[in-house]
Amino acid sequence: MNKTAVPTIQKKWPAIFPDRIQLYSLPTPNGVKASIMLEEAGLPYEPHLVDFESDDQFSPEFLSLNPNNKIPAIVDSDGPDGAPISLFESGAILLYLAGKTGKFLPDDVRGKYDALQWLMFQMGGVGPMLGQAHHFRIYAPEKIEYAVNRYTNEAKRLYGVIDNQLSKHAWLAGDSYSIADIATFPWLRSWQNQGVDLDDYPHLKRWFNEIAERPAVKRGVEVLAKERKPMRTEQEREVLFGATQYQRR
């Protein structure tokens, strides 16, 4: 990222504290990953709401940070080479912040890859599959029994994988709380909407409750939470799930 990109985004979202990490997000599972990590790492940051109702995600300013028009994205004025850096994709953001602070990613090679494989498990499995469960169980304009059953069953399977891992270890990657736990926890906060009973997964439930009680996690899940709006109109549904989403930009 060149040094002119930060002012570009700040035309739409002025930074009150430009020396802080700028977070562009919503209080969704992927957005909450980033705010929890920033809180856990103790990094000063400034959150900005990307209002999907106002099509903020399609604005030239936001697309300059994330050409995939999804949240979250960050800008760090103090990048690795002293110049600003912007990043999108929540997993990449967690890795960057772990590298910047030396926190929540093991130093030893084996421990690092243990954490990374569970991070990839969340990115490639937990997020996409639970997202589909949410969509077909709650948001789809028609209830398709095959889709509801498919993604509900897959949600239960993934919960079982996590529960089995946590029957043998305190945390997903072993003995240390890591970015793998930070990435996975937000997606499991809506377990009821996924057709899951948390009592069926006692080891996962223990882990979930421990994370939920962490002070930094409590702060992280509240970031921008008051700004979240329920989907109220067909126009809003179309922006999120219809043809608007698929236009080439």
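Residues numbered from 1 in each chain as written. Predicted model: local features only at pLDDT ≥ 70, side-chain atom pairs only at ≥ 80, totals over all residues. Heavy atoms only, no water.

Notes on the sheet that holds strand β4 (residues 85-88)
Here is step 1 of the chain: The four strands are arranged β2-β1-β3-β4 in an open sheet whose pairing can be described as mixed. Two strands lie at the open edges of the sheet, namely β2 (45-49) and β4, each paired on one side alone. Across the sheet, the mean angle separating the axes of adjacent strands is 15 degrees when strand polarity is ignored.
Here is step 2 of the chain: Looking at chain direction, strand β1 (residues 21-25) and strand β3 (residues 73-76) are connected through three bridges and run antiparallel. Among the inter-strand pairings, Tyr24 is bridged to a residue of β3, identified as Ala73.
Here is step 3 of the chain: Against the sheet, helix α2 (residues 29-41) touches β1 and β2, its axis set at about 155 degrees to β1.
Here is step 4 of the chain: Strands β1, β3 and β4 of the sheet are contacted by helix α4 (residues 90-101), whose axis makes an angle of about 135 degrees with β4. (Pairing = 2+ DSSP bridges. Helix = DSSP H or I, 4+ residues; strand = E, 2+ residues; numbered from the N terminus. Axes fitted to C-alpha atoms, helices over the stretch in contact; angles between N-to-C directions. Contact = heavy atoms within 4.5 Å.)

A look at the packing of α2 against helix α7 (residues 179-188)
Here is step 1 of the chain: Closest axis-to-axis distance for the α2/α7 pair is 8 Å, and the angle between their directions is 140 degrees. Taken together, the axes of α2 and α7 lie oblique to each other. Here α2 runs over α7; the crossing is right-handed. Packed against α2, whose contacting residues are Pro29, Asn30, Val32, Lys33, Ile36, Met37 and Glu40, the element α7 presents Ile179, Ile182, Ala183, Phe185, Pro186 and Trp187 at the interface.
Here is step 2 of the chain: Split into classes, the residues belonging to the contact of α2 with α7 amount to 10 nonpolar, one polar and two charged. (Parallel < 35°, antiparallel > 145°, perpendicular 65-115°, else oblique. Left-handed = near helix turned anticlockwise from the far one by under 90°. Nonpolar A, V, L, I, M, F, W, Y, C, P; charged D, E, K, R; others polar.)

Some words on the packing of aromatic side chains
Here is step 1 of the chain: Per the counting criterion, the structure on display carries eight aromatic pairs.
Here is step 2 of the chain: For the pair Trp118 and Phe121, a centre-to-centre distance of 5.0 Å together with 75 degrees between the ring planes defines the contact as edge-to-face. Taken together, the positions of Trp118 and Phe121, both in helix α5 (residues 109-139) and three residues apart, correspond to about one turn of that helix. Accessibility assignment for this pair places Trp118 and Phe121 in one class, buried.
Here is step 3 of the chain: With 4.9 Å between their ring centres and 40 degrees between their planes, Phe185 and Phe208 make a pair best called tilted. Taken together, the positions of Phe185 in helix α7 and Phe208 in helix α8 (residues 202-212) put the pair 23 residues apart, joining distant regions of the chain.
Here is step 4 of the chain: By relative accessible area, which is 3% here, Phe185 ends up buried.
Here is step 5 of the chain: For Phe208, a relative accessible area of 9% translates into the label buried.
Here is step 6 of the chain: Ring-pair connections join several aromatic residues into one group, and the members of that group are Trp13, Tyr24 and Phe62.
Here is step 7 of the chain: In this arrangement the basic side chain of Arg150 is found over the ring face of Tyr151, its NZ or CZ atom lying 5.4 Å from the centre. (Phe/Tyr/Trp six-rings, centres within 6.5 Å; stacked < 30°, edge-to-face > 60°. Buried < 20%, exposed > 50% of the residue type's maximum accessible area, 1.4 Å probe, protein only. Lys NZ or Arg CZ within 6 Å of the ring centre and 35° of its normal.)

Re the environment of Phe104
Here is step 1 of the chain: Counting through the fold element by element, Phe104 comes out in the loop between α4 and α5.
Here is step 2 of the chain: Along the backbone, Phe104 and Leu94 are 10 residues apart, and their C-alpha atoms lie at a distance of 9.2 Å.
Here is step 3 of the chain: Excluding anything up to four places from it in sequence, Phe104 contacts Met37, Glu40, Ala41, Tyr177, Ser178, Ile179, Ile182 and Arg214.

Observations regarding helix α9 (residues 215-222)
Here is step 1 of the chain: Buried within α9 we find Ala216, Val217, Gly220 and Val221. For α9, the arc enclosing every buried residue in end-on projection is 130 degrees, short of the 170-degree limit, so these residues lie on one face. For α9, the exposed residues lying more than 90 degrees away from the buried face are Pro215 and Glu222.
Here is step 2 of the chain: Of the surrounding elements, those touching the buried residues of α9 are α2, α7 and α8.
Here is step 3 of the chain: Positive backbone phi, at 65 degrees, marks Leu224, one or two positions downstream of α9. (Arc of directions from axis to C-beta.)

Things to note about empty space enclosed by the protein
Here is step 1 of the chain: By the definition in use, this model includes one cavity of 30 Å³ or more.
Here is step 2 of the chain: Here the largest cavity is characterised by a volume of approximately 30 Å³.
Here is step 3 of the chain: Around the largest cavity, the lining residues are Leu23, Ser25, Leu26, Pro27, Gly31, Val32, Ser35, Gly220, Val223 and Leu224.
Here is step 4 of the chain: Sorting the residues of the lining of the largest cavity by element identifies β1 and α2 as the ones contributing at least two each.
Here is step 5 of the chain: Among the elements that take part in the lining of the largest cavity, α2 stands out by supplying three residues, more than any other.
Here is step 6 of the chain: For the lining of the largest cavity, the per-class residue count stands at six nonpolar, four polar and no charged. (1 Å grid on protein atoms, 1.4 Å probe; cavity = no way out; pocket = protein on both sides within 12 Å on 5 of 7 lines; lining within 4 Å. Points joined across faces, edges and corners; volume = space filled by probe spheres on them.)

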